[in-house]
Amino acid sequence: MRILFNFAALVKRYILFTENDDCWSNFLALPKNMLTLILDTLHRLFYILPLKPRQVQIEITNRCNMDCPMCPREVLDIELEHMDWDKFVTVVDKLKERENITLTGWGEPFLHPRIFDMIAYCKERGHRVMITSNGLFPKESIADEILNSGLDEITFSIDGVEDNNVSNGHTSNKVYENIEKIARLREIRKPSIRLQATLHEGCEKDLYNVIRFGARIGVEAVNVGRIDRKYAPELKRPSPVEEERIFYEADHIANECGIRLDWLQYAVGTRMVRFFYRLLRKKLHQSGKYCLKTFDYAYVSREGNVTPCCLLPEVKMGNLLDGDLQTIWQNEKFNHFRKNYRDTCGSCDLWVIDQVDSDQVVRKNQIPS
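Anyway, here's the lowdown on the structure attached to this text. (Residues numbered from 1 in each chain as written. Predicted model: local features only at pLDDT ≥ 70, side-chain atom pairs only at ≥ 80, totals over all residues. Heavy atoms only, no water.)

## Thoughts on empty space enclosed by the protein
By the definition in use, this model includes three cavities of 30 Å³ or more. The computed volume of the largest cavity comes to approximately 150 Å³. Every residue lining the largest cavity is counted, 14 residues in all, and those nearest its centre are Cys-291, Cys-309, Cys-345, Cys-348 and Trp-351. Tallied by class, residues from the lining of the largest cavity come to 11 nonpolar, one polar and two charged. (1 Å grid on protein atoms, 1.4 Å probe; cavity = no way out; pocket = protein on both sides within 12 Å on 5 of 7 lines; lining within 4 Å. Points joined across faces, edges and corners; volume = space filled by probe spheres on them. Nonpolar A, V, L, I, M, F, W, Y, C, P; charged D, E, K, R; others polar.)

## Structural notes on the nonpolar core
Ranked by size, the top nonpolar core spans 86 residues in total, and within it Ile-58, Phe-88, Leu-103, Leu-207 and Trp-263 carry the most contacts. Once you skip the residues sitting within four places of it in the chain, Ile-58 turns out to touch Met-83, Phe-88, Val-91, Val-92, Ile-101, Thr-102, Leu-103, Thr-104, Gly-105 and Val-300. Among the nonpolar cores identified, the runner-up in size contains eight residues, and Phe-276, Tyr-277, Leu-280 and Leu-292 belong to it. (Core = buried A, V, L, I, M, F, W, Y, C linked by side-chain atoms within 4.5 Å. Buried < 20%, exposed > 50% of the residue type's maximum accessible area, 1.4 Å probe, protein only. Contact = heavy atoms within 4.5 Å.)

## Quick word on unusual backbone geometry
For the bond running from Lys-190 to Pro-191, omega is 5 degrees, close enough to zero to count as cis. Mapped onto the secondary structure, Pro-191 falls in the loop between helix 7 (175-185) and strand 5 (192-199). In this model, Arg-271 sits at a positive phi of 50 degrees, which is unusual for a non-glycine residue. Its place among the elements puts Arg-271 in helix 10 (residues 271-280). (Helix = DSSP H or I, 4+ residues; strand = E, 2+ residues; numbered from the N terminus.)

## Side note on the sheet that holds strand 2 (residues 100-103)
Strand order in the open sheet made by the 10 strands is 7-6-5-4-3-2-1-8-9-10, with mixed pairing throughout. Looking at which strands have only one partner, the edges of the open sheet turn out to be strand 7 (260-263) and strand 10 (318-319). Two elements, strand 3 (residues 128-133) and strand 4 (residues 153-157), share four bridges in a ladder whose sense is parallel. Paired with Met-130 across the strands is Glu-153, a residue of strand 4. In the packing of helix 8 (residues 204-217) onto the sheet, contacts are made with strand 5, strand 6 (221-226) and strand 7, and the angle to strand 5 comes to roughly 175 degrees. (Pairing = 2+ DSSP bridges. Axes fitted to C-alpha atoms, helices over the stretch in contact; angles between N-to-C directions.)

## Observations regarding helix 8
Its 14 residues give helix 8 an end-to-end C-alpha distance of 20 Å, which sits within 8% of 20 Å, the value for a rise of 1.5 Å per residue. Taken residue by residue, helix 8 has Glu-204, Asp-206, Leu-207, Tyr-208, Val-210, Ile-211, Phe-213, Gly-214 and Ile-217 as its buried positions. Packing partners of the buried residues in helix 8 comprise helix 7, strand 5, strand 6, helix 9 (240-257) and strand 7. Just beyond helix 8, the residue with positive phi is Gly-218, at close to 90 degrees. (Expected span 1.5 Å × (residues − 1).)

In structure tokens:
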């Protein structure tokens, strides 16, 4: 109760910022990391957006060397091609605030012939660079090139360990050696490594094995997400009650193994961040009025189109090849989407806390032109 009272007092001080200059000095006396946590939490509670997105995902390729049944790549009506280098340079040159950049589209990033040039170009401009990969590298040399690239973080999508039961997930048994090699040979724990798994009905033991595998090879975290049934309603996933039970068991295993478990619907981060997230997660974004994805994230397609999400290629808010990110981020179309995202996203619940019953949502697809 004391922690809740203290946090309420901090909220009150935050509201009084513009009325009492002394509040600034009180806040600035706090440790910097605590101050950052408090302000970010308040912004997320009240949905006070940053002037620009801090997380920018660039669709560098839609070509892939896997064909996972759960992946909507084939039905999104996108061209399965690489992003042109000139367009990539133009997009990155528009990013001026040392944003976190994820170089990943609907394909395998390491298929792009200039992927390491792209990493270098972003790093030279001060960005933190991340990639999500399936781990099925097209060349033997890729692992060594990753280790020498300056990449900050790499996430490997795996839904189980070898010979698992997840028939609709990532399907190759060839990736584990590559993942383990990078984890073993990296210096000063760079790049940071995460494993990303989706939870399928009846496959929780495979998730537990992913956690144990990650702990054994020494990765930093395992991230768990729901499967998206918008384009494949036949996919099965646990009920809300089962999902929560699986989280607590997975969290117990992660704690025993000494590895971080991030699960958007339940807990993320460590220590104080994790404590406050678990305490306040259902109150974030005005008690769930807004999708968690829309707070500080933008997706940039291979043609430079800015969209709110990788799953919405046709919901174009502007184009970064001939516009600037801040104007696009703050325009009427983007604001309308944030307030009315259910009209477009229907029953998608990948980035909300509670599961959504598709029968309760009517999709209207109303976005101003």
